[in-house]
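# Coordinates in review
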Amino acid sequence: MSHLPGIAVTGVSGRMGQMLVRIIGESYKCRLVGAVERSGHDWVGADLGSAMGAASLGVTVTDDPLEAFSQAQAVIDFTAPEATLEFAGMAAQARAVHVIGTTGMTDEQIARLEPAARHAVIIRAGNMSLGVNLLVQLTKKVAAALDEDFDVEVIEAHHHHKVDAPSGTALMLGEAAAEGRGVALADVSDRGRDGITGARKRGDIGFSAIRGGDIVGEHDVLFAGPGERIVLRHLATDRAIFARGALKAALWGQGKAPGQYDMMDVLGL
Ligand SMILES: NC(=O)C1=CN([C@@H]2O[C@H](COP(=O)(O)OP(=O)(O)OC[C@H]3O[C@@H](n4cnc5c(N)ncnc54)[C@H](O)[C@@H]3O)[C@@H](O)[C@H]2O)C=CC1
Ligand SMILES: O=C(O)C1=N[C@H](C(=O)O)C[C@H](O)C1
C-alpha cells in the first residue's frame, strides 16, 4: 500500500486529461488512482492504459466520479463548467483537494464553488503554467507604471477545438492590467469589435481571440502608446506546462485549510 497522494483525473480522454496521465505517471511524488469520463463515453469500463493505446495501467475508467474521488487525495479537473461544478461538490464530500483548470466559467458559476470551498481546498486558475503566472505579475506592474496614454490590448490564439473566448488566461491578464490601473475590468472591458464601433475609448482594455490549427496557447499584452509599443508575450508550445502546474497545485494543497486558492498561492508569486 503506497503512502503517496492518490490523484483522480476527470475528463481523462481529453487533451489535458491524457497529458495529466502522462505527467502523473512520470512523477515519483504521487500515483494515479482514478480516471473519470462522462457517461456514454467509449472509454468507460476500459483499462485506462489500453484505452490510451499503451500498456495496462490497472486503473479502470469510470463514469462514477464519487467512487473515483473517494480513493483520492486530489482531483485534477480540466473539463467543462457545469461538470466542474458537479465535481466540486463531490470532491468536497471526499475531502479531496480540487484543482480546477476548466475555463469559461461565468461569475455566477464561480460563486457556486463557494459551498464546496467551505469543506475542502479548491485551487483554480485559468492558466497553471509558471510562465503565464509570472506574466500576470509583469502585466500588473507595467499597467501600474503607465497611464492611459497607453492603450491595453490582450490578444490570444488557440487551437480550433477551443470552445470559450476570451481564454481564461486572457481574462487573467486583463484583470491584472485593470488591477494595475486601479479600475474594475468589468467597467473597461471591450470585447468583440465589429462594424462601425466608433473610436477606441481611452482607458478600455480590449480583447481579441484567434482560433486555428493546433496552437497550444499564445498570449500578448500590448501597451500601445504615442510613438512606442510594449508587448509582453507568452507562448505555450507543450501542454505539459499546464499539467505540471496542476500536479504541483494538487500536492501543495495537501493539508491546507479549506478555501479557494490560485496558482499565485501555489507558486508564491
Ligand atoms: N488552466 C489551464 O492551465 C488550462 C485550462 N484548459 C482548459 O481545460 C478545459 C479542457 O480542455 P481540453 O483538455 O483541451 O478539452 P477536451 O475537450 O480535450 O477535454 C475535455 C474532457 O472533459 C470531458 N468531460 C466533459 N464533461 C464531463 C463530465 N461531465 N464528466 C466527465 N468528463 C467530462 C470530455 O469528455 C473530454 O474528454 C478547457 O476549459 C480548457 O480551456 C486547458 C489547458 C490549460
Ligand atoms: O483551451 C486551452 O487549450 C487552453 N486554455 C486555457 C485558457 O483558456 O487560457 C489555458 C491555455 O491557454 C490553453
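Residues numbered from 1 in each chain as written. Chains lettered and ligands numbered in written order. Predicted model: local features only at pLDDT ≥ 70, side-chain atom pairs only at ≥ 80, totals over all residues. Heavy atoms only, no water.

An unreviewed UniProt entry annotates the chain as 4-hydroxy-tetrahydrodipicolinate reductase of Lutimaribacter marinistellae. UniProt annotates the chain under Sequence similarities (unreviewed entry) with the comment "Belongs to the DapB family." (UniProt positions renumbered as here; feature names shortened; annotations may be inferred.)

Looking now at helix α8 (residues 168–181). Counted at 1.5 Å a residue, the expected span for α8 with its 14 residues is 20 Å, and the 20 Å between its end C-alpha atoms agrees. Burial analysis of α8 places eleven of its 14 residues in the buried class, the great majority of the element. Considered for burial, the residues of α8 that qualify are G168, T169, A170, M172, L173, G174, A176, A177, A178, G180 and R181. Close packing links the buried residues of α8 with α7 (130–145), β7 (151–158), α9 (185–188), β9 (205–211) and β10 (217–225). (Helix = DSSP H or I, 4+ residues; strand = E, 2+ residues; numbered from the N terminus. Expected span 1.5 Å × (residues − 1). Buried < 20%, exposed > 50% of the residue type's maximum accessible area, 1.4 Å probe, protein only. Contact = heavy atoms within 4.5 Å.)

Roughly 1000 Å³ of internal volume is contained in the largest pocket. Around the largest pocket, the lining comprises 45 residues; the ones closest to its centre are R15, M16, F78, T79 and T102. Only α1 (15–26), α4 (81–93), α8, β10 and β11 (228–236) provide two or more residues apiece to the lining of the largest pocket. With four residues, the single largest contributor to the lining of the largest pocket is α4. In this model, the second largest pocket occupies a volume close to 770 Å³. Together, 28 residues line the second largest pocket, and R124, G168, L171, M172 and E175 are the ones closest to its centre. Contributing elements (two or more residues each) for the lining of the second largest pocket: α5 (107–111), α7, α8, α9, β8 (189–191) and α11 (263–267). In terms of residues, the lining of the second largest pocket owes the most to one element, α8, which gives six residues. Split into classes, the residues belonging to the lining of the second largest pocket amount to twelve nonpolar, nine polar and seven charged. (1 Å grid on protein atoms, 1.4 Å probe; cavity = no way out; pocket = protein on both sides within 12 Å on 5 of 7 lines; lining within 4 Å. Points joined across faces, edges and corners; volume = space filled by probe spheres on them. Nonpolar A, V, L, I, M, F, W, Y, C, P; charged D, E, K, R; others polar.)

Taken together, the neighbourhood of ligand 2 is formed by T103, G126, N127, H158, H159, K162, S167, G168, T169, V216, H219 and F242. One nitrogen or oxygen atom from the side chain of T103 is found 3.5 Å from an oxygen atom belonging to ligand 2. Interatomic distance of 2.8 Å between a backbone N/O atom of G168 and an oxygen atom of ligand 2. Coverage of ligand 2 by the protein amounts to 85% of the 320 Å² it exposes when considered alone. The pocket occupied by ligand 2, as judged from atoms lying within 2 Å of grid points, is the largest pocket. Looking at the shell around ligand 2, its residues break down into two nonpolar, nine polar and one charged. (Near = heavy atom within 4 Å. Polar contact = N/O pair within 3.5 Å; in protein donor to acceptor, adjacent residues only side chain to side chain. Areas by Shrake-Rupley, 256 points an atom, 1.4 Å probe, with all protein chains shown as cover. Sits in = over half its atoms within 2 Å of the grid points.)

As a further point, take a nonpolar patch on the surface. A cluster of nonpolar side chains, L130, L134 and L269, forms an exposed patch at the surface whose accessible area comes to about 260 Å². Counting through the fold element by element, L269 comes out in the segment after α11. (Patch = residues over 30% accessible without salt bridge, like charges linked within 9 Å, V, L, I, M, F, W, Y side chains within 5 Å. Salt bridge = Lys/Arg side-chain N within 4 Å of Asp/Glu carboxyl O.)

Burial analysis of β10 places seven of its nine residues in the buried class, which makes it a mostly covered element. Sheet analysis places β7 next to β10, joined by seven bridges and oriented antiparallel. What sits directly across from V152, in β10, is F223. In the sheet, β10 pairs with β11 via nine bridges, with the strands oriented antiparallel. Counterpart to L222 in the pairing with β11 is V231. (Pairing = 2+ DSSP bridges.)

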